[in-house]
Amino acid sequence: MIMAVLQAIKSRYSCRSYLPKEIEKEKIEHLLEAARLAPSAKNLQDWRFVIVTDKEKKRKLAEAANNQTFLENAGAVIVACSISDYVMRCGQPAGIIDVAIALEHICLAATELGLATCWIGSFYPEKVRPVVGIPADIAIVELLAIGYPADKPRIPSREPLEKIACFENWQFVD
Ligand SMILES: Cc1cc2nc3c(=O)[nH]c(=O)nc-3n(C[C@H](O)[C@H](O)[C@H](O)COP(=O)(O)O)c2cc1C
């Protein structure tokens, strides 16, 4: 079934319970294609993804991620890295933004395929590095768990629109 983008956005949630089921190779390739097509500053495409499906490696990544043991059951854990230290004119580092966009492309494409995901920022990069052999000068931006969900989507808790957006001038009071 093809979902409209907004439907995928509405259906995505952070899944912390996965069925111990492999993700088909074509589906992984589909997700990586969604990442490959993401926009990036100056079209640098300064992302690198290491896809981990090996059980023992996933266990070690779970340990490196502050013992978030649900990573072990995820079909795949993506170790998402940036290879550039390019800072945009606005003063913001491009690499982490570029990687983040590509990862969210993966999340939405995964949702469309009936898979679930969870961003993982709570990890120790120096513990992740040796698990998949990431060189010392490469920034590990984020981990992403992907798999077949063993739980059900939750209704997201979000601020109302008027609290986060206004027109023409800054009108926020807090
Ligand atoms: C950059 C980032 C890092 C996150 N790190 C973790 C994490 O380490 N562990 C975890 O369980 N969830 C993590 N999350 C998931 C958030 O807790 C979740 O997105 C948020 O609570 C909203 O819930 P939802 O994704 O289900 O809508 C992270 C999300 C983002 C975007």
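A brief report on the enclosed structure follows.

Reading guide: rules and limits
- Residue indices follow the written sequence of each chain, beginning from 1 at its first position.
- Two thresholds apply to this predicted model, a pLDDT of at least 70 for residue-level local features and 80 or more for giving and counting side-chain atom pairs, whereas whole-chain, interface and lining totals are computed over all residues.
- With hydrogens and water stripped out, all remaining heavy atoms of the structure feed into the side-chain values.
- Nonpolar core, defined: a set of buried Ala, Val, Leu, Ile, Met, Phe, Trp, Tyr and Cys residues in which side-chain atoms within 4.5 Å join the residues together.
- Here the term buried applies to any residue with accessible area under 20% of the maximum for its type, exposed to any over 50%, and partly exposed to those in between, with areas from a 1.4 Å probe on protein chains only.
- Each helix corresponds to a stretch of at least 4 residues labelled H or I by DSSP, and each strand to a stretch of at least 2 residues labelled E; elements are numbered beginning at the N terminus.
- We call two residues contacting when some pair of their heavy atoms lies within 4.5 Å.
- Two strands pair if DSSP finds at least two bridges between them.

### Here's the deal with the nonpolar core
Among soluble globular proteins, nonpolar side chains are generally buried collectively.
Stage number 1. Tyr18, Leu71, Val79, Val128, Ile140 and Leu143 are the most contacted members of the largest nonpolar core, which has 26 residues in total.
Stage number 2. Contributing elements (two or more residues each) for this core: helix H3 (55–64), strand E2 (76–82), strand E3 (116–120), helix H5 (125–132) and strand E4 (139–147).
Stage number 3. Apart from the residues within four sequence positions on either side, Val128 is in contact with Leu61, Ala64, Val79, Phe123, Ile140 and Leu143.
Stage number 4. Listed in part, the 22 residues of the second largest apolar core include Ala102, Leu103, Ala109 and Ile146.

### Let's talk about the pairing of E2
Stage number 1. Summarising burial for E2: seven of the seven residues are buried, a large majority.
Stage number 2. Residue alternation in E2 divides its side chains into two sets, Ala76, Ile78, Ala80 and Ser82 and Val77, Val79 and Cys81, and both sets are buried.
Stage number 3. Alignment of E2 against E4, held across seven bridges, turns out to be antiparallel. If you follow Ile78 over to E4, its bridge partner there is Leu144.

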